[in-house]
Amino acid sequence: MNFITMNMVTMFYLIASVCFIQALKGLSSPSTARKGNAFGMIGMGIATVTTLLLILKLKSMSTAVADGGLGYGLVLLGVVLGGGIGTFAAKKVEMTKMPELVAAMHSLIGLAAVCIAIAAVSEPSAFGIAAHGMALPFGNRLELFLGTFVGAVTFSGSVIAFGKLSGKYKFRLFQGAPVSFPGQHLLNLAVAVALVALGLVFCFAPGVEPSWTPFIVMAVLAFVLGVLIIIPIGGADMPVVVSMLNSYSGWAAAGIGFSLNNSMLIIAGSLVGSSGAILSYIMCKAMNRSFFNVILGGFGGEAVAAADGAQEQRPYKAGSAEDAAFIMSNAETVIIVPGYGLAVARAQHSLKELVEKLTHKGVIVKYAIHPVAGRMPGHMNVLLAEAEVPYDQVFEMEDINGEFGQTDVVLVLGANDVVNPAAKDPKSAIAGMPILEAYKAKSIIVNKRSMASGYAGLDNDLFYQANTMMVFGDAKKVIEAMVKAVD
């Protein structure tokens, strides 16, 4: 392996880092998202191949006893298994399951950080951290502590988020409603203080060999803290949680990168960590929430509890898919608000067909996207992109909110909290949350399976307006009926 030098490794890592930066730039817009994905794949390919060559080079330079090729075999096994599982998951995953897949990937990154930290603490000389017979430096101990702490929190928190997003597990911690109990915040604080104390003990412990007891207890408590900070968060805050865990996974990777002196891990982890943090801030701003409120309380917990009780029966107007098709066919302008119900029904392709027929009749149709619609940031954008909806028809909330008052018809498909006028009520649980102002339109058509409340657990006043017509049923079947009814 003499053909590859450390300077070449650094150069290839730098090229991969530039690709990752270009990937983030490309993913900032739907029109360049495919190019951004391509840059990301190229960058990861370069980083992976370079790392494999680096391992082979370091192995050939090692004076340690040969392991009969076991190390090479394990590395190749990991590449084959990981690549195979990733390929299979990417091909089989449904759009409605994409948030769960993202949460699962975050959990694996966190677990990988913990496993690497354990290996480095066990055999620091194998990672070039310290020579045999020398104490593990304080700086490396601090890096390993932080990497383990963040990685463990990311792993257990992502597992809970996966269960909440899935919604198919009966285990209480995996249910969408917030889980709270007396003294919860004090317990979280106590666990966090204990974690810091154990980390300091690990970092300052004298002797050549690192102390395993504080390290292991700290790791276990970090796993527990990850569970504790996610269970009180309700379903309405899941987009923030997904982006937050994305940020955590990046910082965990960067922390381990410092310990291993791996510039690629440091750069890639920092990019993921910082972009995830910025996205979390954007999500919180879109919900009129602070990041600490999300972490400390969970969204809509009181509203969900209230929704479990008896609700006042209010009159509403219901119609058929044919009625809705007639109204839209005779309109000049239509705005479509997609929500999670559209993703569940996999109705994006049928919706595109409906829009094409309406456009052919001279109706101006636009899509309005709320930043937290769906179960993760950008969920609706990805859904529409999969159906190849033209980008110039898709508008973000701040760009289209001013048009609802002049719009003839708004078609709400499976959305709830993001169009709830209760956000305008200072006493509401979602008070101040920016919404798509669909209630201002001349006519409103809402497709839902039932009158059930959304993730925030609040009744939606939009459904009871005099100019609103409810069309009940599976979104795909309803939209297909609309397509047939449009002349």
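Residues numbered from 1 in each chain as written. Predicted model: local features only at pLDDT ≥ 70, side-chain atom pairs only at ≥ 80, totals over all residues. Heavy atoms only, no water.

## A short note on the overall build of the protein
The number of helices and strands found in the protein is 17 helices and 6 strands. Here the protein holds 487 residues, and 46% of them are scored as buried. Counting contacts in the protein only where the partners sit at least 6 residues apart, residues at least 24 apart contribute 77% of the total. Of the roughly 23,200 Å² of accessible surface on the protein, a fraction of 66% belongs to carbon and sulfur atoms. (Helix = DSSP H or I, 4+ residues; strand = E, 2+ residues; numbered from the N terminus. Buried < 20%, exposed > 50% of the residue type's maximum accessible area, 1.4 Å probe, protein only. Contact = heavy atoms within 4.5 Å. Areas by Shrake-Rupley, 256 points an atom, 1.4 Å probe, with all protein chains shown as cover.)

## Observations concerning the packing of helix α4 (residues 98-122) against helix α7 (residues 212-230)
Contact pair α4 / α7: the axes reach a minimum separation of 12 Å and the direction vectors enclose 175°. Classified by the angle their axes make, α4 and α7 are roughly antiparallel. For the pair formed by α4 and α7, the contact residues are Val114, Ala117, Ile118, Val121 and Ser122 on the first element and Trp212, Phe215 and Phe223 on the second. (Axes fitted to C-alpha atoms, helices over the stretch in contact; angles between N-to-C directions. Parallel < 35°, antiparallel > 145°, perpendicular 65-115°, else oblique.)

## Focus: the side chain of Ser249
For Ser249, the position within the fold is in helix α8 (residues 238-260). Excluding residues within four positions of it along the chain, Ser249 makes contact with His106, Ile109, Thr154 and Val272.

## Considering helix α14 (residues 348-360)
Over its 13 residues, α14 runs 18 Å from end to end, which matches the ideal 18 Å to within 8%, given 1.5 Å per residue. The complete set of buried residues in α14 reads Gln348, Ser350, Leu351, Leu354, Val355 and Leu358. Seen along its axis, α14 keeps its buried residues to an arc of 155°; they face one direction. (Expected span 1.5 Å × (residues − 1). Arc of directions from axis to C-beta.)

## Observations regarding the packing of aromatic side chains
Within the structure shown, the criterion is met by 6 aromatic pairs. Note on Tyr316 and Phe472: the rings are 5.8 Å apart at their centroids and 80° apart in plane angle, and the pair reads as edge-to-face. Here Tyr316, found in the loop between α11 (301-307) and α12 (321-329), pairs with Phe472, found in strand β6 (residues 468-472); they are 156 residues apart in sequence, far enough to count as distant. Taking the ring centre of Phe395 as reference, the NZ or CZ of Lys366 above it sits at 5.1 Å. (Phe/Tyr/Trp six-rings, centres within 6.5 Å; stacked < 30°, edge-to-face > 60°. Lys NZ or Arg CZ within 6 Å of the ring centre and 35° of its normal.)

## Thoughts on the pairing of β6
Residues in a regular strand project their side chains so that they alternate between the two faces of the sheet. With 4 of its 5 residues buried, β6 lies for the most part within the structure. Pairing geometry for strand β5 (residues 443-448) and β6, over 5 bridges, is parallel. Residue pairing across strands places Val446 opposite Met470, the latter belonging to β6. (Pairing = 2+ DSSP bridges.)

## Notes on unusual backbone geometry
The phi dihedral of Arg346 falls on the positive side, at around 55°, and the residue is not glycine. Within the element layout of this structure, Arg346 appears in the loop between α13 (340-345) and α14. Exposure remark for Arg346: the relative accessible area of 48% places this residue in the partly exposed category.

## Concerning the pattern of salt bridges
On inspection of all chains with the given rule, the structure shows 8 salt bridges. In this structure, the salt-bridge partner of Asp461 is Arg314, at a minimum N-O distance of 3.0 Å. With Asp461 in the loop between β5 and β6 and Arg314 in the loop between α11 and α12, this residue pair connects regions lying 147 residues apart in the sequence. The exposure class assigned to Arg314 is partly exposed, which follows from its relative accessible area of 29%. Lys352 is the salt-bridge partner of Glu356, the closest N and O atoms lying 4.0 Å from each other. Of the two residues, Glu356 and Lys352 both sit in helix α14, 4 residues apart, roughly one turn of that helix. By sharing partners, the salt bridges in this structure join Arg314, Asp459 and Asp461 into a single network. (Salt bridge = Lys/Arg side-chain N within 4 Å of Asp/Glu carboxyl O.)

## Remarks on the sheet that holds strand β1 (residues 333-338)
Pairing in this open sheet of 6 strands is parallel, and the strands run β3-β2-β1-β4-β5-β6 from one edge to the other. Whereas interior strands pair on both sides, the edge strands pair on one side only; in this sheet they are β3 (394-396) and β6. Strand-to-strand twist in this sheet, taken as the mean axis angle between neighbours without regard to direction, amounts to 25°. Across 5 bridges, strand β4 (residues 409-413) lies against β5 in parallel orientation.

## Observations concerning the confidence of the model for the protein
Residue-level pLDDT values for the protein average 83, and 86% of them are 70 or greater. Taking the mean pLDDT of every element in the protein, the minimum, 44, falls on α11 and the maximum, 96, on β1. Counting contacts from residues 299-310, a segment whose pLDDT is below 50, to residues more than four positions away or on other chains yields 23 contacts. (pLDDT = per-residue confidence, 0-100.)

## Regarding a nonpolar patch on the surface
Nonpolar side chains collect at one region of the surface, where Phe138, Leu142, Leu146, Val196, Leu200 and Phe204 lie side by side and expose about 560 Å² of accessible area between them. Of all the elements in the fold, those that place two or more residues in the nonpolar patch are α5 (138-166) and α6 (184-204). For Val196, the location among the structural elements is in helix α6. Assessed through its relative accessible area of 47%, Val196 is described here as partly exposed. (Patch = residues over 30% accessible without salt bridge, like charges linked within 9 Å, V, L, I, M, F, W, Y side chains within 5 Å.)

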